[in-house]
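Read off the chains here:
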Number of protein chains: 4
Amino acid sequence: MSPIDKLTQLFERFPGIGPRQARRFVQYLLSAPPGVRSELARQINALGAATAQCKRCYRWFTKDGQASLCDICASQGRDQSLLFVIEKDADLEQVERSGFKGLYFVLGGVVPLGVDEPAQYVRLRELVKRAEADHSTIKEVILGLSATSEGDHTRQIVAEALRELSTQNGFKLSSLGRGLSTGSELEYADPDTIASALSSRQ
Amino acid sequence: MSPIDKLTQLFERFPGIGPRQARRFVQYLLSAPPGVRSELARQINALGAATAQCKRCYRWFTKDGQASLCDICASQGRDQSLLFVIEKDADLEQVERSGFKGLYFVLGGVVPLGVDEPAQYVRLRELVKRAEADHSTIKEVILGLSATSEGDHTRQIVAEALRELSTQNGFKLSSLGRGLSTGSELEYADPDTIASALSSRQ
Amino acid sequence: MSPIDKLTQLFERFPGIGPRQARRFVQYLLSAPPGVRSELARQINALGAATAQCKRCYRWFTKDGQASLCDICASQGRDQSLLFVIEKDADLEQVERSGFKGLYFVLGGVVPLGVDEPAQYVRLRELVKRAEADHSTIKEVILGLSATSEGDHTRQIVAEALRELSTQNGFKLSSLGRGLSTGSELEYADPDTIASALSSRQ
Amino acid sequence: MSPIDKLTQLFERFPGIGPRQARRFVQYLLSAPPGVRSELARQINALGAATAQCKRCYRWFTKDGQASLCDICASQGRDQSLLFVIEKDADLEQVERSGFKGLYFVLGGVVPLGVDEPAQYVRLRELVKRAEADHSTIKEVILGLSATSEGDHTRQIVAEALRELSTQNGFKLSSLGRGLSTGSELEYADPDTIASALSSRQ
């Protein structure tokens, strides 16, 4: 296979990229100044060396020397009593913008419906270990999963895995509130969302 | 102006219909069997005679004899202590599906931003009158406005209009809970929605 | 069935209208001033009386007295040698804007693939009759069908139906040129369109 | 700037990629097995060494030894009398699928409206040189630009640049035919397209 075809295949594995756009990426690289290509390759190679996965929350961060914790986990200013469990790194940025000041744990995805070994899909064991290790400071674990069927399924599995520890150590397990999101109109809201919005009315 | 053009103009006033689709409606009627046209005209004319606006909640319903109340307002089985204020008739169907068992009041729309006389846009006086008349049974008025800027604006105006009465008669004023609606993913949720979902976590 | 439901059903038969929008139309009519409803019903009823189908080209036009021909068919200024066969009334407006100065014939639709009696779907017999009646003036019949598989199918059927007459009376049968339409880019054009654009290059 | 941010910036320059998707690409690479990253970097670096720009048509091709011509330009089986001028490499694939059997020249883009030095944007001088060099075999240059305003503008500039040579050496300058493209319906076609389809009817 030609390098053009090999590279096209690699780009097709990028999230949201189909064959046609993968080919356009290769065309772009072919016609770009050679400096662009070598810089891109260099940064891709540098990614591994320059970044590390936080030992505590499992998100990726830019290494500064030998640090093994990301800036949030290393910070003294965050509320150590709140642990926000999110699916993936990208969720964290949005939660930060909402003003949340606690800590995080990146689950690494959702558990597909109907699988036997959830721990193969998400960091279930690592989360339990984290909750154990921090049991003296954690007062609440917030399950920030998507409001989808896979998200609900994952939430039940995570809640199950943490239940005993939660009882023993007296921390609370909570889930994000459901309701109308910004921009929603009642006419187009589904009955479940309306029922949630009704029960969380204030 | 020709009847084709006049009818096109009338269809252009229909919600969501532009000039091109309005013309297609007229073409459809022109090529439809004559029976379709006369039946349509007959039903449009019948609409006024066969329907009535409920004297209590202001929604439109199919008249059955001399009834001046819709089936929900006339029913003994509904919870008389809850009054759900909605923008328009179409919202009611969705709320019914969510399992709500109280009563309704149709506001008739939202108040545009920056107007002086809100009562020209929505049934503000009628709502106050209703709350006064039913003050002995109403325990909570739920403001079910859209989660949009106009909806928020309208909610504030309605809350203002009912505040004194609410204090005097001891009924509660509540708003629908904000949060993740069904299908939402954290990555694509706006910070306000996440903040609401956080504060209504349970 | 209530008049609200009956009217909703009638609006659902309008082109491009689903159940939800049909209900919004009824809500619009319910809350519109009564004058709007009666005017709409009046114009729908007037449509039949005020419009007529042209005896020559079969398009709908606004009657002016006892005229049985539309203004284009009645005009002396149009080129009587060119007959443009179109699918439906709405096509005519666009062709007029392109500067065409000949005459029209409205086929009334396309022939679905795989049906036995094409004349049940389009005005095949009427077109043959028209071509016979005007055989001394017509020099070319332009088949202006859509560039879709049903359009192609219909074009073949119409061409077949006119072939003998075309040979006898010496008029030409032509089809619209295929090629790049305004706004097309080569990269996104299908091979058939490129092949047509190549063979009609000039 | 961190390598995560630098890489995000590089991906933002990819065609059709915004900041959010660029970040998702980086997240994908961060969580992908290290082998994926190093393979991607390797192929990007290999692209330059493994591919070459054809000296004759300027498209990119996979090098096979010291070849300086792509397989189409090197082939004996192509019609040497037809030269198809295209905007970019990606156009060539679609034209090949249409069954074209001549030769190509990749212009490298379109000339933006209102610029002074068109030769800074497209390979105008190279095209003239090619047409001179092959003047004994070329019988027709087909200008295969997009049917957009920039495409039309570019077509005029290229035609102008080749006009004298075309007269001297007796080759024809042609443009792709305009008309209905596959799938077009008359009702939604613009008047220019209909006018073109009418004038290229057959």
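Preceding this paragraph is the structure being described.
The shown structure was predicted, so the numbers you read here are calculated from the model rather than taken from an experiment.

Rules used throughout
Residues numbered from 1 in each chain as written. Chains lettered and ligands numbered in written order. Predicted model: local features only at pLDDT ≥ 70, side-chain atom pairs only at ≥ 80, totals over all residues. Heavy atoms only, no water. Least-squares fit on C-alpha atoms with pLDDT ≥ 70 in both. Contact = heavy atoms within 4.5 Å. Buried area = accessible area lost by both parts, 1.4 Å probe. Salt bridge = Lys/Arg side-chain N within 4 Å of Asp/Glu carboxyl O. Polar contact = N/O pair within 3.5 Å; in protein donor to acceptor, adjacent residues only side chain to side chain. Helix = DSSP H or I, 4+ residues; strand = E, 2+ residues; numbered from the N terminus. Nonpolar A, V, L, I, M, F, W, Y, C, P; charged D, E, K, R; others polar. Buried < 20%, exposed > 50% of the residue type's maximum accessible area, 1.4 Å probe, protein only. Pairing = 2+ DSSP bridges. Axes fitted to C-alpha atoms, helices over the stretch in contact; angles between N-to-C directions. Right-handed = clockwise from strand over helix to strand, strands pointing away.

## Let's talk about the relation of the copies chain A and chain B
Line of reasoning, step 1. Of the two same-sequence chains, chain A is brought onto chain B (RMSD 0.2 Å, axial shift 0.0 Å) by a rotation of 180 degrees. Between the two chains, the operation in question is that of a two-fold axis. Across chain A, the rotation axis passes nearest the C-alpha of Gly-179 of chain A, at a separation of 2.2 Å.
Line of reasoning, step 2. Residue by residue, 100% of the interface of chain A is reproduced at the interface of chain B, so both copies engage with the same surface.

## Notes on the interface of chain A and chain B
Line of reasoning, step 1. Taken together, the contact pairs 45 residues of chain A with 45 residues of chain B.
Line of reasoning, step 2. With both chains or domains summed, chain A and chain B bury close to 3,800 Å², and 57% of this area falls on carbon and sulfur atoms.
Line of reasoning, step 3. When the buried surface of chain A facing chain B is broken down by residue, Leu-186, Glu-187 and Arg-201 of chain A rank first, second and third, together holding 16% of it.
Line of reasoning, step 4. The interface formed by chain A and chain B holds 4 salt bridges in total.
Line of reasoning, step 5. Among the salt bridges present, the one from Lys-88 of chain B reaches Glu-187 of chain A, with a minimum N-O distance of 3.4 Å.
Line of reasoning, step 6. Inspection of the region where chain A meets chain B yields 27 residue pairs in polar contact (both at pLDDT 80 or more).
Line of reasoning, step 7. Contributing elements (two or more residues each) for the side of chain A that touches chain B: strand S3 (82–86), helix H5 (89–97), strand S5 (140–143), strand S6 (172–175) and helix H8 (191–199) of chain A.
Line of reasoning, step 8. In terms of residue count, H8 of chain A provides more of the side of chain A that touches chain B than any other element does, 7 residues in total.
Line of reasoning, step 9. Residue classes in the side of chain A that touches chain B are distributed as 19 nonpolar, 16 polar and 10 charged.

## Focus: the relation of the copies chain B and chain C
Line of reasoning, step 1. Once chain B is rotated about the relating axis by 179 degrees and shifted along it by 0.1 Å, it coincides with chain C to within an RMSD of 0.1 Å.
Line of reasoning, step 2. A symmetric contact is evident, with 100% of the interface residues of chain B recurring at the interface of chain C.

## Some points on the pattern of salt bridges
Line of reasoning, step 1. Scanning the entire structure with this criterion turns up 60 salt bridges over all chains.
Line of reasoning, step 2. The salt bridge involving Arg-178 of chain B is made with Asp-152 of chain B; its shortest N-O contact spans 2.6 Å. With Arg-178 of chain B in the loop between strand S6 (172–175) and helix H8 (191–199) and Asp-152 of chain B in helix H7 (residues 149–169), this pair connects stretches of sequence that are 26 residues apart.
Line of reasoning, step 3. Residue classification places Arg-178 of chain B among the partly exposed residues on the basis of a relative accessible area of 22%.
Line of reasoning, step 4. Across the pair Asp-91 of chain D and Lys-88 of chain D runs a salt bridge whose closest N-O atoms are separated by 3.0 Å.
Line of reasoning, step 5. Each of Arg-24 of chain A, Glu-187 of chain C together with Glu-87, Lys-88 and Asp-91 of chain D takes part in a single network of salt bridges with overlapping partners.

## Side note on the sheet that holds strand S3 (residues 82–86) of chain C
All names here are of chain C.
Line of reasoning, step 1. A sheet is described by the order of its strands in space; here 4 strands give the open sequence S4-S3-S5-S6, paired in parallel fashion. Lying at the two open borders of the sheet, with one neighbouring strand each, are strand S4 (103–106) and strand S6 (172–175). Ignoring strand direction, the axes of neighbouring strands in this sheet form an average angle of 25 degrees.
Line of reasoning, step 2. Here 4 bridges tie S3 to S4, and the two strands are oriented parallel to one another.

## What to know about the pairing of S4 of chain C
If a strand is regular, its side chains alternate between the two faces of the sheet.
Line of reasoning, step 1. Burial of the side chains of S4 of chain C extends over both faces: Leu-103 and Phe-105 of chain C are buried on one face and Tyr-104 and Val-106 of chain C on the other.
Line of reasoning, step 2. For the crossover that starts at S3 of chain C, traverses helix H5 (residues 89–97) of chain C and ends in the parallel S4 of chain C, the hand is right-handed.

## Digging into the interface of chain B and chain C
By a frequent convention, interface size equals the accessible area lost on bringing the separate parts together.
Line of reasoning, step 1. Tallying the contact residues gives 41 residues for chain B and 42 residues for chain C.
Line of reasoning, step 2. Taking both partners together, chain B and chain C bury about 4,000 Å²; carbon and sulfur atoms supply 72% of that area.
Line of reasoning, step 3. It is Phe-14, Ile-44 and Leu-47 of chain B in chain B that bury the most area against chain C; as a group they hold 15% of the surface buried on that side.
Line of reasoning, step 4. When residues in the side of chain B that touches chain C are grouped by element, the largest group, 12 residues, is from helix H3 (residues 34–50) of chain B.
Line of reasoning, step 5. In terms of residue class, the side of chain B that touches chain C is built from 20 nonpolar, 12 polar and 9 charged.

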